[in-house]
Amino acid sequence: MAGKLTAQGTGVLLVTANVGSLFEDPENLQKTWLREFYQAVHTYKPHFIAIHCQEVGGKNYEESMTHVDNFVKELLSSDAMKEYNKARIYLDENYKSQEHFTALGSCYFIHETLKNVQQFDFKAKKFKKVIGKEIYSDTLESTSMVEKEKFPQEYFPEMKRQFHTFDLVNIHLFHDASNLVAWEKSPSVYSGTRQKALGYVLDRITDQRYERVPYFVFGDFNFRLDSKQVIERLCSSATMQTVRAADTNEVDKLIFREVDNDRKVVLQLEKKLFNYINQDVFRENNGTQLLEFDKELSVYKERLHELEISFPPSYPYSEDASQGKQYMNTRCPAWCDRILMSASAKDLVLKPENEDKAVIYDNIGPNVCMGDHKPVFLSFRITAGAGKPNANKHKCCVVQ
């Protein structure tokens, strides 16, 4: 979106949130999630808010879509958001068309003090003024404010993916289907799949058909720690036992035991089990001692940039409403949810005139249950004269 910058600076709040869990338990998790989000809005007082959601509707889309509608209505009508008199909500709710369904949602809120805000119309190929609040749901093909394009089939031979182009990049990349497969080699086959897909998206963002401008890419990248290397570190003094399935002789589980101490189990690894003896290693100092194994972004270090991570791994948290800091024993905790940016966007965020305290990269709801993903946010200010004075035209995509 494009907006006139105020003399005092425009406050920006970017949030990425995999919200799948919220629609499984809306009574508890949704209320907590909204409360913590409103607190972030109150604390940072942004003029422009962008929320990129993944897994909108949860696992049972047909049953949960009514909860999605209620979630959006609450956002639009809450007292905490009453000063945001302009909004655009884009929800892909067309779950009956699995070939095209992405379960992605993007929500943009503009404060009443931010004047002359414009949004790019891809059909008319010009910017149009944003007035009032509008919701686009079911299929996103109905609006010219979104450009939709499918991933080439060879990127996901077993799954059909797509992306929609608009102001900011909402991205949801492929996960690790099996802990055992992820462990087999370094880097894992899943890391290679994500690398290929992300490269494709970056090429499209910088396509010569569009003006090259600053861009932010934020969503659930599903970036994982290098599984083989991190397990070798966590279980450096343990012995490994391989258990195979009786019928197929395929590896069913790996059990790592201490050499002494009654051969105590340190880690049990299965397709969807990562049961490590001491979760504190992922929480102490916010788990940052394990960032050396967070390597997937390094491939694109010349094209994508990120502020320093100082929050714990964002996934997979317990979905028990009473557990705010506990991880599930399903996957190795990792920083899946990120806010990345081009070099020119980083220059906007880290301007010399920006005091360090004005730029915050953190998570929302660190002490309460927010679902299996903690939302991650970036708060910063754009001062008058940064970039173009009246129209910072950002071209971005939504990817599933």
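Residues numbered from 1 in each chain as written. Predicted model: local features only at pLDDT ≥ 70, side-chain atom pairs only at ≥ 80, totals over all residues. Heavy atoms only, no water.

Draft legend 1. Fine view of empty space enclosed by the protein. For the structure on display, the rule yields five cavities of 30 Å³ or more. Considered as a void within the structure, the second largest cavity measures approximately 110 Å³ in volume. Around the second largest cavity, the lining is made up of 13 residues, and of these Asp-176, Asn-179, Arg-224, Ser-227 and Cys-332 lie nearest the centre. Looking at the lining of the second largest cavity, the elements that each hand over two or more residues are helix H3 (179-184) and helix H5 (227-234). (1 Å grid on protein atoms, 1.4 Å probe; cavity = no way out; pocket = protein on both sides within 12 Å on 5 of 7 lines; lining within 4 Å. Points joined across faces, edges and corners; volume = space filled by probe spheres on them. Helix = DSSP H or I, 4+ residues; strand = E, 2+ residues; numbered from the N terminus.)

Draft legend 2. A look at helix H1 (residues 26-44). In this model H1 runs 26 Å from its N-terminal to its C-terminal C-alpha over 19 residues, within 8% of the 27 Å that 1.5 Å per residue would give. The inward-facing, buried residues of H1 abut strand S1 (10-18), strand S2 (48-54) and helix H2 (61-77). (Expected span 1.5 Å × (residues − 1). Contact = heavy atoms within 4.5 Å.)

Draft legend 3. A look at the pairing of strand S5 (residues 118-121). Covered by surrounding structure in S5 are Gln-118 and Phe-120 together with Gln-119 and Asp-121, the residues of both alternating faces. Note that S5 and strand S6 (residues 126-129) share four bridges and pair antiparallel. Pairing of Gln-118 across the sheet is with Lys-129, part of S6. Where S5 folds back onto S6 in an antiparallel hairpin, the turn is made up of four residues, including Lys-125, whose phi is positive at roughly 55°. (Buried < 20%, exposed > 50% of the residue type's maximum accessible area, 1.4 Å probe, protein only. Pairing = 2+ DSSP bridges.)

Draft legend 4. Just the nonpolar core, in detail. Judged by nonpolar contacts, the single largest core of 52 residues is most densely connected at Leu-14, Phe-216, Ile-231, Phe-274, Phe-282, Leu-378 and Phe-380. Excluding its chain neighbours within four sequence positions, the residues that come into contact with Ile-231 are Trp-183, Phe-256, Leu-267, Leu-269 and Phe-274. Within the second largest apolar cluster, 37 residues are counted, among which are Cys-53, Leu-75, Ala-87 and Leu-91. (Core = buried A, V, L, I, M, F, W, Y, C linked by side-chain atoms within 4.5 Å.)

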